[in-house]
Amino acid sequence: MKNFLFFISVLFLLSGATAGAKEVNKGMCGSYFNMFCTRCHVIDRLCEGLKKNDNKKWRDIITKMAEYDDLDQDIQDTTHACLTGMQAGDPLVCKKK
Ligand code: HEC
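Predicted model, so just to flag it, every value in this text is computed and none were measured. (Residues numbered from 1 in each chain as written. Predicted model: local features only at pLDDT ≥ 70, side-chain atom pairs only at ≥ 80, totals over all residues. Heavy atoms only, no water.)

S.K.: What is the right way to look at the site of the ligand in this model?
M.R.: Around the ligand there are 16 residues in total, and Cys37, Cys40, His41, Met65 and Tyr68 lie nearest to it. At a separation of 3.1 Å, an oxygen atom of the ligand approaches a polar side-chain atom of lysine 64. Between an oxygen atom of the ligand and a side-chain N or O atom of tyrosine 68, the distance comes to 2.4 Å. Elements with a contribution of two residues or more to the shell around the ligand: helix H2 (26-37), helix H3 (44-52), helix H4 (55-68) and helix H5 (73-84). (Near = heavy atom within 4 Å. Polar contact = N/O pair within 3.5 Å; in protein donor to acceptor, adjacent residues only side chain to side chain. Helix = DSSP H or I, 4+ residues; strand = E, 2+ residues; numbered from the N terminus.)

S.K.: What am I meant to see in the state of the cysteines here?
M.R.: Here, disulfide denotes a covalent bond that connects the sulfur atoms of two cysteines. Summed over the entire model, instances satisfying the criterion amount to two disulfides. Each disulfide pairs two cysteine sulfurs, and for cysteine 29 the partner residue is cysteine 82, the sulfurs being separated by 2.0 Å. Disulfide cysteine 29 to cysteine 82: torsion about the S-S bond roughly -90°, handedness left-handed. A residue pair is termed long-range when its members are at least 10 positions apart, and cysteine 29 in helix H2 and cysteine 82 in helix H5 qualify at 53 residues. This pair shows no difference in class: cysteine 29 is buried, exactly as cysteine 82 is. (Disulfide = S-S within 2.5 Å. Buried < 20%, exposed > 50% of the residue type's maximum accessible area, 1.4 Å probe, protein only.)

S.K.: How should I be thinking about the coordination of the iron atom of the ligand in this particular structure?
M.R.: By definition of the ideal shapes, four donors in a tetrahedron about a metal sit 109.5 degrees apart, and six donors in an octahedron sit 90 or 180 degrees apart. Within the protein, the iron atom of the ligand binds to His41 (NE2) and Met65 (SD); these donor distances fall in the range 1.9 to 2.1 Å. One way to put it: the six donor atoms around the iron atom of the ligand meet at angles of 82 to 180°, and that makes the site octahedral. Residue histidine 41 is found in the loop between H2 and H3, and its partner methionine 65 is found in helix H4; the two are separated by 24 residues along the sequence. Given a relative accessible area of 22%, histidine 41 falls into the partly exposed group. (Donors = N, O, S within 2.8 Å, 3.2 Å for Na, K, Ca; no water. Tetrahedral: all angles 85-135°; square planar, octahedral: opposite > 155°, others 65-115°.)

Structure below.
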């Protein structure tokens, strides 16, 4: 019986984790930005964007960026999750002046 309950809670946890937003961490976000978002412009663009973009706006911008270049769905989803999880002025994209 105990095992059964344990099994159910694991299932519950797993489904919760996959149904929610994509899991990202800072290290991963940093390398995605460097690999895919600084090819055409400086990272300051992302810093500027943090001040004004909400979830939907970021989605539109990233979709547009993906049209300029070949950014696959995973790259779009990951960078979107990264950017929407960040505060304005985050040092990951905002260089100290
Ligand atoms: C193939 C080149 C290219 C790549 C790769 C690219 N961008 Fe851009 N980006 C542009 C150009 C060109 C502009 C300016 C014209 C415009 O706004 O459409 C721009 C503008 C922006 C802006 C300002 C747009 C606004 O309306 O405020 C943001 C924010 C931005 N890019 C974020 C990103 C992010 C995040 C990535 C990585 C997922 C990325 N870019 C990858 C070419 C690129």
